Amino acid sequence: MPHTPEVRSASFTDLDARTFHDLLRLRIDVFVVEQACPYPELDGRDVEPGTRHLWLAGDGGPLAYLRILADPGGLARIGRVVVAPTARGGGHAGRLMAAALDEVGDRPCVLEAQSHLVAFYARHGFTVIGPEYVEDGIPHTPMRRDALT
């Protein structure tokens, strides 16, 4: 029976160099290389004290990744949601999103969805809050999950 990949969560200061390298490589392999979007992947937010890095640890490295940023006013921002090409279709993004929302707790949360994934995020309680826009040649849609009461 195949093992279920473990969800891991860490602040930047708790990441060892190899793990951070592997997480960045996954992000760059997909967002910069596969999606052909040359943009500044290292934006300085990975190292902020309020940032949480979540990933599914596979035998050969991370299978999926996202980060949770602490925006002003207690707002959580989920971003850099990515699944390794060889791991797609296994439910990893949904599992990781559920873990992220557990960490977010009752705080309001926003994200900038690639527009073809709006229905995926809607299944996790997010609603569209603005018009679609194009960033780096890819249509995006702003979404929000309100604070849970």
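Attention in this report is confined to the structure presented alongside it.

Focus on the nonpolar core
Leu66, Ile68, Ile78, Met97, Tyr121 and Phe126 are the most contacted members of the largest nonpolar core, which has 35 residues in total. Secondary structure elements with two or more residues in this core: helix H1 (17-34), strand S2 (52-58), strand S3 (61-71), strand S4 (75-83), helix H2 (92-104), strand S5 (109-114) and helix H3 (118-122). When sequence neighbours within four positions are dropped, the list of residues in contact with leucine 66 reads Arg52, His53, Leu54, Ile78, Gly79, Arg80, Val81, Leu96, Met97 and Ala100.

Some points on H1
Between its terminal C-alpha atoms H1 stretches 24 Å, which fits the 26 Å expected from 18 residues at 1.5 Å a residue. Of all the bends in H1, the largest measures some 30° and sits at isoleucine 28. For H1, the complete set of buried residues consists of Thr19, Phe20, Asp22, Leu23, Leu24, Leu26, Arg27, Val30 and Phe31. Looking at the packing, one finds that the buried side of H1 touches S2, S3, S4 and S5. Its side-chain oxygen placed 3.1 Å from the backbone nitrogen of arginine 18, aspartate 16 serves as the N-cap of H1. Immediately downstream of H1, the backbone of alanine 36 shows phi near 50°, a positive value.

Digging into the pattern of salt bridges
As enumerated under the stated definition, the model contains 16 salt bridges in all. The closest approach of N and O atoms between aspartate 22 and arginine 18, which form a salt bridge, is 3.0 Å. Taken together, the positions of aspartate 22 and arginine 18, both in helix H1 and four residues apart, correspond to about one turn of that helix. For the salt bridge of arginine 45 with aspartate 71, the shortest nitrogen-to-oxygen distance reads 2.9 Å. In this pair, arginine 45 is assigned in the loop between H1 and S2 and aspartate 71 in strand S3, connecting sequence segments 26 residues apart. Relative accessible area serves as the criterion here: at 11%, aspartate 71 is assigned to the buried category. What you see here is one network of salt bridges that share partners, running through Arg27, Glu41, Asp43, Asp46, Arg67 and Arg80.

Definitions and limits used
- Residues numbered from 1 in each chain as written.
- Predicted model: local features only at pLDDT ≥ 70, side-chain atom pairs only at ≥ 80, totals over all residues.
- Heavy atoms only, no water.
- Core = buried A, V, L, I, M, F, W, Y, C linked by side-chain atoms within 4.5 Å.
- Buried < 20%, exposed > 50% of the residue type's maximum accessible area, 1.4 Å probe, protein only.
- Helix = DSSP H or I, 4+ residues; strand = E, 2+ residues; numbered from the N terminus.
- Contact = heavy atoms within 4.5 Å.
- Expected span 1.5 Å × (residues − 1).
- Bend = angle between axes of the 7 residues up to and from the residue.
- Polar contact = N/O pair within 3.5 Å; in protein donor to acceptor, adjacent residues only side chain to side chain.
- Salt bridge = Lys/Arg side-chain N within 4 Å of Asp/Glu carboxyl O.

These figures come from the coordinates and say nothing about function on their own.
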